[in-house]
Protein chains: 2
Amino acid sequence: MFLQDFLDLARAKGVLAQEEFEGLQYHRFSDDLRRYLRGTVVLGDMLVFGYPKIARILSLEGGIPRHIKGPFYVEEKADGYNVRVVKVEDRILALTRGGFVCPFTTDRLPDLGDFEAFFRDHPHMVIAGEVVGPGNPYNEAYPPGVEDVAFLAFDLFPVGSWRPLSPLARYAILEKYAIPQVRSFGQFSPTPEGLDGLKALLRSLNREGVEGVVIKPQGGRRRFKYVTPFINIFDIEFSSHLLAELPGEFFIQRVIRLALSMAELGLEGGEELGRRLGAAFLRGFGSAVEEFRARKKVTWTFFLRMRSRDRVALLLRHLNRASRHVRVSLVRLEREGDYWRVVLEKRFLRSTGFLASALGGSFYFD
Amino acid sequence: MFLQDFLDLARAKGVLAQEEFEGLQYHRFSDDLRRYLRGTVVLGDMLVFGYPKIARILSLEGGIPRHIKGPFYVEEKADGYNVRVVKVEDRILALTRGGFVCPFTTDRLPDLGDFEAFFRDHPHMVIAGEVVGPGNPYNEAYPPGVEDVAFLAFDLFPVGSWRPLSPLARYAILEKYAIPQVRSFGQFSPTPEGLDGLKALLRSLNREGVEGVVIKPQGGRRRFKYVTPFINIFDIEFSSHLLAELPGEFFIQRVIRLALSMAELGLEGGEELGRRLGAAFLRGFGSAVEEFRARKKVTWTFFLRMRSRDRVALLLRHLNRASRHVRVSLVRLEREGDYWRVVLEKRFLRSTGFLASALGGSFYFD
């Protein structure tokens, strides 16, 4: 299908949104259309496929022999947000999962890797990766050991294709450039020994505080993710200020994963695990209640650095479009060397409304 | 409206279900119809109103001054299941919240109070109460201090009316009969002193392991419930074998109530509270996983006593109609004195299916 016909079809189906970033017009799929996933982006004559969801398995022992027949690569699953980096004419842009140009990531790309050199050699490639670290505007939680933000590539694919390169091909290409990649733990096989090795790796990643692994079979397109036990406690702790905001399943699925992976990895939780899990639930929600009592709102503050002042404004607009339940405001903006130091406050409207209502004495039928 | 017209209307609206119990035909409202709530029952020419939901407040300080203008009675909220007891011709029957004749409760009524004497004097009254105790076929959790089962009355209303008698009127009538009532903690006023007294009561009930209180204003029809902190941990502990079965909100709402009521009652949880909460989540789910590994199913076993063997069969049929996600089977039935000892196993199909799928290696997109 020619690109124009394709856009016409998407528009007719109501899944095509027109967007603009610094004078560049582009289209974004706001929902799946056949194999074109939500987040698919059309920039001029370039089609950048939406990044697919990765299948989660809750059991290595059950899942690996069932789904994987040959050797597979195991890579670190980093805990951040997903972007696809592309070059369009002279600009290098970072696209969010939803298909927006991310003003923050795009602004900081020069700090995150030598994308210029890469795209000089490979102008028709897309680099998918995770942006991690405390200096990000999206996620409250971040992995240990990163200051500010970092980019970790985990996939390469050609513009106009949804087929990622094999891990080995990606390693070979990217290692020539100063673009960090997620850690690869090498090849494993779907044998009892391979499974034992994988479990040992996950026990070690669990101690490190790493989110988990992505399993990439050499043949077949489907990848699998499996997370470490403790990341679930960590996620609950960093999200429990939103106990009245996020769906209950968000938390309960994590308790389930925690219990299943502790058992599968042969880890004994004992009293200490219970204490940590309970504290994770209570601490964040308790601080939200305290904040509400003191300031009549539930918020989270983000501390970023950006190069362009204009893009700070674009980021604010972007964040305020992303959810009807979150309002983002600029708390502080000051020059520091070549950067702007940005302090953003996200106000969570549902949590704020819930606490206003509950503490104000509203009644509920449940 | 005449009763027949009313039934015709309900039938036309699709909310009328015809039922039968030991030869007695009756109708049950399977959903609300105007002010006739789900669980409303028509037995011959008797209309027994569905028991209304009670409004929950999450803050005494916010809720009491806002909703209550004069003195109010405070009664124990007992942790069991709700029945309405009525006399129809020569039979004394217990109706469930959903409007079924409960074969178990009806069978055991002679053990639970002197209903014969009451209905001899008050044939046109309905007694609403809670059935509590370990020997019940519905709830895994039960309050401390009860052996087998007990009935605790909390409301009286005339047949054909949805207006309960005032607490004082009920106390006066029921104390003449050997029919136990929920504890009444007497009258409170919506003043700062009244509120302090109520909080002190709730701290004491919390230590006892009581579920909470029902607040009944002298004027006005609306009642309010407020639960103690620890009952939430208790509920989570007794339900966490169903972590993959119940809605996530079931658990998360309880964590929220726990945190809010601890703060309102001025109780310091500290490390111990976290440990108990975390253990409550992990213990039940862990035992479900263990059971699944050993027996390929997730179950809960109920131990009852009943008088009539025929009603055991009716109870099984009733329980198997109540949910598509639970299958109940008779594990043992043996004579003991004047009773049948009944052992029932509830098999939870969703939890069983989830664990079969997850441990079998299925993948999920979330």
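Residues numbered from 1 in each chain as written. Chains lettered and ligands numbered in written order. Predicted model: local features only at pLDDT ≥ 70, side-chain atom pairs only at ≥ 80, totals over all residues. Heavy atoms only, no water.

**Quick look at the overall build of chain A**
And step 1. Along chain A, the regular secondary structure elements total 11 helices and 17 strands.
And step 2. Taking 21 Å as the expected radius of gyration for a compact globule of 366 residues, we find that chain A reaches 22 Å, a close match to that expectation.
And step 3. In terms of overall dimensions, chain A has a C-alpha envelope of 60 × 55 × 45 Å along the principal axes.
And step 4. A sequence separation of at least 24 residues applies to 65% of the contacts in chain A between residues at least 6 apart.
And step 5. Surface exposure of chain A reaches about 15,700 Å², of which carbon and sulfur atoms provide 51%.
And step 6. Treating the 52 positive side-chain charges of chain A as one cloud and the 45 negative ones as another, the clouds have centres 4 Å apart. (Helix = DSSP H or I, 4+ residues; strand = E, 2+ residues; numbered from the N terminus. Rg over C-alpha atoms; globule rule 2.2 N^0.38 Å. Contact = heavy atoms within 4.5 Å. Areas by Shrake-Rupley, 256 points an atom, 1.4 Å probe, with all protein chains shown as cover. Lys, Arg positive; Asp, Glu negative; His and termini not counted. Charge placed at Lys NZ, Arg CZ, Asp CG, Glu CD.)

**Considerations on unusual backbone geometry**
And step 1. With a phi close to 50 degrees, E89 of chain A is a non-glycine residue in the positive phi region.
And step 2. Checked against the element boundaries, E89 of chain A lands in the loop between β7 (81–88) and β8 (91–96).
And step 3. Residues other than glycine seldom take positive phi values, yet D148 of chain B does so here, at roughly 55 degrees.
And step 4. Take D148 of chain B: it is sitting in the loop between β9 (125–132) and β10 (150–158).

**Quick look at the nonpolar core**
And step 1. If you look at the biggest cluster of nonpolar residues, it comprises 132 residues, and the most contacted ones within it are F281 of chain A together with F281 of chain B.
And step 2. Residues within four places of F281 of chain B in sequence aside, it is in contact with I252, V255, L277 and F281 of chain A together with I236, S240, L243, F251 and V255 of chain B. (Core = buried A, V, L, I, M, F, W, Y, C linked by side-chain atoms within 4.5 Å. Buried < 20%, exposed > 50% of the residue type's maximum accessible area, 1.4 Å probe, protein only.)

**Here we look at the domain arrangement of chain A**
Residues and elements named next belong to chain A.
And step 1. Domain parsing of chain A yields domain 1 (54–227), domain 2 (230–295) and domain 3 (299–359).
And step 2. Distance from the C-alpha centre of domain 1 to the C-alpha centre of domain 3: 27 Å.
And step 3. If you look at the interface, domain 1 gives 17 residues, while domain 3 gives 18 residues.
And step 4. Overall, the association of domain 1 and domain 3 removes approximately 1,500 Å² of surface from exposure, summing both partners, and the carbon and sulfur fraction of that is 58%.
And step 5. Area buried by domain 1 at its contact with domain 3 is led by P103, D107 and E140, which between them contribute 37% of it. (Domains from an automatic or database assignment. Buried area = accessible area lost by both parts, 1.4 Å probe.)

**Points about helix α2 (residues 60–67) of chain B**
And step 1. Within the span of α2 of chain B, buried status applies to L60, G62, G63 and I64 of chain B.
And step 2. One side-chain oxygen at the N-terminal end of α2 of chain B lies 3.5 Å from the backbone nitrogen of E61 of chain B; it belongs to S59 of chain B. (Polar contact = N/O pair within 3.5 Å; in protein donor to acceptor, adjacent residues only side chain to side chain.)

**Observations concerning the confidence of the model for chain A**
And step 1. Scored by pLDDT, chain A has a mean of 96; 100% of the residues are at 70 or more.
And step 2. We note a pTM of 0.96 for the whole complex and an ipTM of 0.95 for its interfaces. (pLDDT = per-residue confidence, 0-100.)

**Topic: the relation of the copies chain A and chain B**
And step 1. Rotating chain A by 180 degrees and translating it 0.0 Å along the rotation axis places it on chain B, where the RMSD comes to 0.0 Å. Put plainly, the chains are arranged around a two-fold axis.
And step 2. Mapped onto chain B, 100% of the interface residues of chain A again fall at the interface, so both copies present the same surface. (Least-squares fit on C-alpha atoms with pLDDT ≥ 70 in both.)

**Topic: the environment of P144 of chain A**
All names here are of chain A.
And step 1. When you line up the elements, P144 lands in the loop between β9 (125–132) and β10 (150–158).
And step 2. Along the sequence, P144 and E208 sit 64 residues apart, while their C-alpha atoms lie 8.1 Å from each other.
And step 3. Once residues within four sequence positions are removed from consideration, P144 is found in contact with E208 and G209.

**Considering a negative patch on the surface**
And step 1. A cluster of like negative charges, contributed by D45, E89, D90, D114 and E116 of chain A, occupies part of the molecular surface.
And step 2. With respect to the helices, strands and loops of the structure, D114 of chain A is situated in the loop between α3 (103–112) and α4 (115–121). (Patch = residues over 30% accessible without salt bridge, like charges linked within 9 Å, V, L, I, M, F, W, Y side chains within 5 Å. Salt bridge = Lys/Arg side-chain N within 4 Å of Asp/Glu carboxyl O.)

**A short note on the sheet that holds strand β5 (residues 55–57) of chain B**
And step 1. Across the sheet, which stays open at both edges, the six strands sit in the order β17(A)-β5(B)-β13(B)-β12(B)-β6(B)-β11(B) with mixed pairing between neighbours. Strands at the two margins of the open sheet, each flanked by one partner only, are β17 (363–364) of chain A together with β11 (184–188) of chain B.
And step 2. Examined bridge by bridge, strand β6 (residues 72–77) of chain B and β11 of chain B share three bridges and lie antiparallel to one another. Directly across from E75 of chain B, in β11 of chain B, lies its bridge partner S184 of chain B. (Pairing = 2+ DSSP bridges.)

**Considerations on the side chain of R311 of chain A**
All names here are of chain A.
And step 1. Along the polypeptide, R311 turns up in helix α10 (residues 309–322).
And step 2. Side chain to side chain, R311 and E22 meet in a polar contact 2.7 Å long.
And step 3. Sequence-distant contacts of R311, defined by excluding residues within four places in its chain, comprise F21, E22, P103, T106, D107 and M306.

**Structural notes on the sheet that holds strand β14 (residues 299–306) of chain A**
All names here are of chain A.
And step 1. Reading across from one edge, β14-β16-β15 is the order of the three strands in this open sheet, with antiparallel pairing throughout. Both edges of this open sheet fall to β14 and β15 (326–336), since each of them pairs with a single strand only. For this sheet the average axis-to-axis angle between neighbouring strands, irrespective of direction, equals 20 degrees.
And step 2. As paired strands, β15 and strand β16 (residues 339–348) are joined by 10 bridges and run antiparallel to one another. Directly across from E334, in β16, lies its bridge partner R341.
And step 3. Along the sheet, α3 contacts β14 and β16; its crossing angle with β14, the most-contacted strand, is approximately 40 degrees. (Axes fitted to C-alpha atoms, helices over the stretch in contact; angles between N-to-C directions.)

**Some details on the packing of helix α7 (residues 229–239) of chain A against helix α8 (residues 248–264) of chain A**
Residue and element names in this part refer to chain A.
And step 1. Two elements in contact, α7 and α8, have axes whose closest approach is 7 Å; the angle formed by their N-to-C orientations is 155 degrees. The orientation of α7 with respect to α8, classified from their angle, is roughly antiparallel. You can see that α7 and α8 cross each other, and the crossing is left-handed. The segment α7 lies against α8, with P229, F230, N232, I233, D235, I236 and S239 engaging F250, F251, R254, V255, R257, L258, S261 and M262.
And step 2. Its residues placed into classes, the contact of α7 with α8 shows nine nonpolar, three polar and three charged. (Parallel < 35°, antiparallel > 145°, perpendicular 65-115°, else oblique. Left-handed = near helix turned anticlockwise from the far one by under 90°. Nonpolar A, V, L, I, M, F, W, Y, C, P; charged D, E, K, R; others polar.)

**What about the interface of chain A and chain B?**
And step 1. Listed per partner, the contact involves 50 residues of chain A and 51 residues of chain B.
And step 2. Across the interface of chain A and chain B, roughly 4,200 Å² is buried in total on both sides, 68% from carbon and sulfur atoms.
And step 3. The three residues of chain A that bury the most area against chain B are L282, F363 and D366 of chain A, which together make up 14% of that side's buried surface.
And step 4. Where chain A meets chain B, there are six salt bridges.
And step 5. Across the pair R275 of chain A and E271 of chain B runs a salt bridge whose closest N-O atoms are separated by 3.5 Å.
And step 6. Secondary structure elements with two or more residues in the side of chain A that touches chain B: β5 (55–57), α2 (60–67), β13 (224–227), α8, α9 (270–295), α11 (349–359) and β17 of chain A.
And step 7. Top contributing element to the side of chain A that touches chain B by residue count: α9 of chain A, with 11 residues.
And step 8. Its residues placed into classes, the side of chain A that touches chain B shows 30 nonpolar, 10 polar and 10 charged.
And step 9. The sheet contact formed by β5 of chain A and strand β17 (residues 363–364) of chain B spans two bridges and is antiparallel.

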